[in-house]
Amino acid sequence: MLNTRFVLLTARFFIVITALSLVIPSVAFAAGGWATVDYTLTLALHPRMAWYDFSVQRFYRSNIPLNNPTELDKLRQKAATVSSEMKGSVDKISRERNRILKDMNDLELSQKTTINAMLKENKDVTSISKSFELKRNRLEKEFAAKEKEYDSVREAGLDVFYLTRDESNKYLFSIMAELDQILKRLSRERGNVAIVDRSFVTPPAQAFEPPTGIPGFGLLGSQLYAQLLQSDFRPPQGSSDPNTPPEHMQRVVDGLERNFQEEFERVLTQIPALQPVIANVRPRLFLVGGEDLTLTVLQEVFKANRVSPEVEQRILRILPQMQ
C-alpha cells in the first residue's frame, strides 16, 4: 500500500512538473516572471493564528479563563463528563459505521459476481450496473453522514475548550483568504508574476484523529504563539539599579532575546501539523528560483494586524536563520 502510494505521488509530481515546464516559461516572459512563497509558514505565523492549537487543529474559544486555574479545572471536569456521556453514542455510531462498511463490501462482491455471470452469458449489464451504482451512492452518502456524526460526538469534550471543527475551519479559511488577497496584490505590483507555493517540497504530515477531552487536558501547547506575540523586551524593574554589576543589564537583555528565540523555535516545530489542512483546500507546488515573498507577506500581515514592531523585527530577523 505504501509503495503504491509513493509511486502514485511521485508520478503525479513529475506530471505536474512536466506540465509546468511547458506553461511557466510562457507565463514568466509574458507576465513578468514568477516568485515563490512558503504558504504554510505565512499562515502559521499569522497573528490571528495565535490561539490555534496545532495538535487538535482547532481554535480556542475566546472566553477560556487561561489565567484562572480554578475555572480551568472546572472546564476540564466538564469536558471529562461530556466525553463520558458521549461514550455510548460513540460506540453506537461506530457499530453503525461498521454495518454500512459491511454493506458496501457485500454490494461490491455481489456486483462482481452478478456482472461476471451475466457477461459469461452474453447478457446486457447496463441496467444492473446502474442499479448497483445507485445502491453504492446511497451507501456512500449514508456513510459520509455517519462519519460526520461520529466526529461530532467523539469530539464533544473538546467543544468545551474549542470552537467546533466547522467554526474553526471557517475562521482558518478567512485567514487564508486574507493571505490570498495580499498575494494577488503583490503579484499585480510585480507585473502579474506567477506565485508558487514552495512548501510543496515538504511532504504533507500524516492526518490523525484528534484527541478527545480528558481530565488532565492541558492548554500550554497552543499558548506559545499567543504569548510570543505579547512579548515585552523591556528589562524588568530593578535591572538598571546602580548597585547591580555593570554587565547585569546586558545579561538581562541577552536573556530576553534568547528566550524569545527559543520560544519561536518551539512554535516552528508545530507548523508541519498545518500541512494536511492546507493540502485539502489548495494545490501544492514547489519550484526553485524566483523571488521569494514569504517575509514580505509576513511583514504586511504583521503590520495589518498591529503586531508590535519589536516582535515583528525579531521574527523577520530570526526566521531566515531557521530555514
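Residues numbered from 1 in each chain as written. Predicted model: local features only at pLDDT ≥ 70, side-chain atom pairs only at ≥ 80, totals over all residues. Heavy atoms only, no water.

Student: How do you make sense of the pattern of salt bridges when you look at a structure like this?
Tutor: Pairs can form between side chains of opposite charge once their charged atoms are near each other. Inspection of the entire model under this criterion finds 22 salt bridges. Arg-48 is the partner of Glu-178 in a salt bridge, and the nearest nitrogen-oxygen pair spans 3.1 Å. Placement of Glu-178 in helix H5 (residues 165-189) and of Arg-48 in the loop between helix H2 (39-44) and strand S2 (52-53) is noted, with a sequence separation of 130 residues between them. Residue Arg-48 is classed as partly exposed on the basis of its relative accessible area, which comes to 25%. With a shortest N-O distance of 3.4 Å, Lys-74 and Glu-71 are connected by a salt bridge. Linking Lys-74 with Glu-71, this pair stays in helix H3 (residues 69-120), spanning 3 residues, or about one helical turn. Given the relative accessible area of 31%, Glu-71 is considered partly exposed. Look at the salt bridges and you will find they share partners, linking Arg-99, Asp-103, Arg-138 and Glu-142 into a network. (Salt bridge = Lys/Arg side-chain N within 4 Å of Asp/Glu carboxyl O. Helix = DSSP H or I, 4+ residues; strand = E, 2+ residues; numbered from the N terminus. Buried < 20%, exposed > 50% of the residue type's maximum accessible area, 1.4 Å probe, protein only.)

Student: Any chance you could explain the side chain of Thr-36 here in plain terms?
Tutor: The residue Thr-36 is located in strand S1 (residues 34-37) in this model. Here the side chain of Thr-36 touches Asp-292 through a polar contact of 2.9 Å, side chain to side chain. (Polar contact = N/O pair within 3.5 Å; in protein donor to acceptor, adjacent residues only side chain to side chain.)

Student: So what exactly am I meant to see when it comes to the nonpolar core here?
Tutor: Nonpolar side chains tend to gather and get buried jointly when the protein is soluble and globular. Counting residues in hydrophobic clusters, the biggest one holds 46 residues, and the most contacted among them are Leu-43, Leu-45, Met-49, Tyr-225, Phe-264, Val-297 and Ile-315. Secondary structure elements with two or more residues in this core: S1, H2, H5, helix H6 (223-229), helix H7 (248-270), helix H8 (275-279), helix H9 (294-304) and helix H10 (309-322). With 7 residues, H5 is the single largest residue contributor to this core. Contacts of Leu-45, omitting those with residues within four sequence positions, involve Tyr-225, Phe-264, Val-267, Ile-271, Leu-298, Phe-302, Ile-315 and Leu-319. Judged by nonpolar contacts, the second largest core, of 12 residues, contains Val-56, Ala-79, Ala-156 and Val-160. (Core = buried A, V, L, I, M, F, W, Y, C linked by side-chain atoms within 4.5 Å. Contact = heavy atoms within 4.5 Å.)

Student: What exactly am I supposed to notice about the environment of Leu-295 here?
Tutor: Tracing the backbone shows Leu-295 in helix H9. For Leu-295, a relative accessible area of 32% corresponds to the partly exposed category. In the structure, Leu-295 is positioned 257 residues away from Asp-38 in sequence and 9.1 Å away in space, judged by C-alpha atoms.

Student: I tried to follow the packing of H3 against helix H4 (residues 126-154) on my own but got confused; where do I start?
Tutor: Two quantities define a packed helix pair, namely the angle between the axes and the distance from one axis to the other. For the pair H3 and H4, interaxial distance at closest approach is 9 Å and the crossing angle is 165°. With respect to H4, the element H3 is oriented roughly antiparallel. Judged by the sense of rotation from one axis to the other, the crossing of H3 with H4 is left-handed. Here the residues of the contact of H3 with H4 are counted per class, giving 15 nonpolar, 6 polar and 12 charged. (Axes fitted to C-alpha atoms, helices over the stretch in contact; angles between N-to-C directions. Parallel < 35°, antiparallel > 145°, perpendicular 65-115°, else oblique. Left-handed = near helix turned anticlockwise from the far one by under 90°. Nonpolar A, V, L, I, M, F, W, Y, C, P; charged D, E, K, R; others polar.)

Student: Any chance you could explain the sheet that holds S1 here in plain terms?
Tutor: Sheet strands associate in pairs through backbone hydrogen bonding, adopting either a parallel or an antiparallel arrangement. With respect to topology, 3 strands assemble into an open sheet ordered S4-S1-S5, the strand pairing being parallel. A strand with exactly one partner marks an edge of an open sheet, and here the two such strands are strand S4 (194-197) and strand S5 (291-292). Where S1 and S5 come together, 2 bridges link them in parallel fashion. Within the sheet, the bridge partner assigned to Ala-35 lies in S5 and is Glu-291. (Pairing = 2+ DSSP bridges.)

Student: Just to check I follow, could you spell out H9 for this structure?
Tutor: For the α-helix, the turn length of 3.6 residues means that residues three or four positions removed from each other point alike. Along H9, the residues classified as buried are Thr-294, Val-297, Leu-298, Val-301 and Phe-302. Projected down its long axis, H9 shows its buried positions confined to an angular sector of 135°, all on one face. Seen from the open side of H9, the exposed residues pointing more than 90 degrees away from its buried face are Lys-303 and Ala-304. Of the residues flanking the end of H9, it is Arg-306, one or two places downstream, whose phi is positive at about 55°. (Arc of directions from axis to C-beta.)

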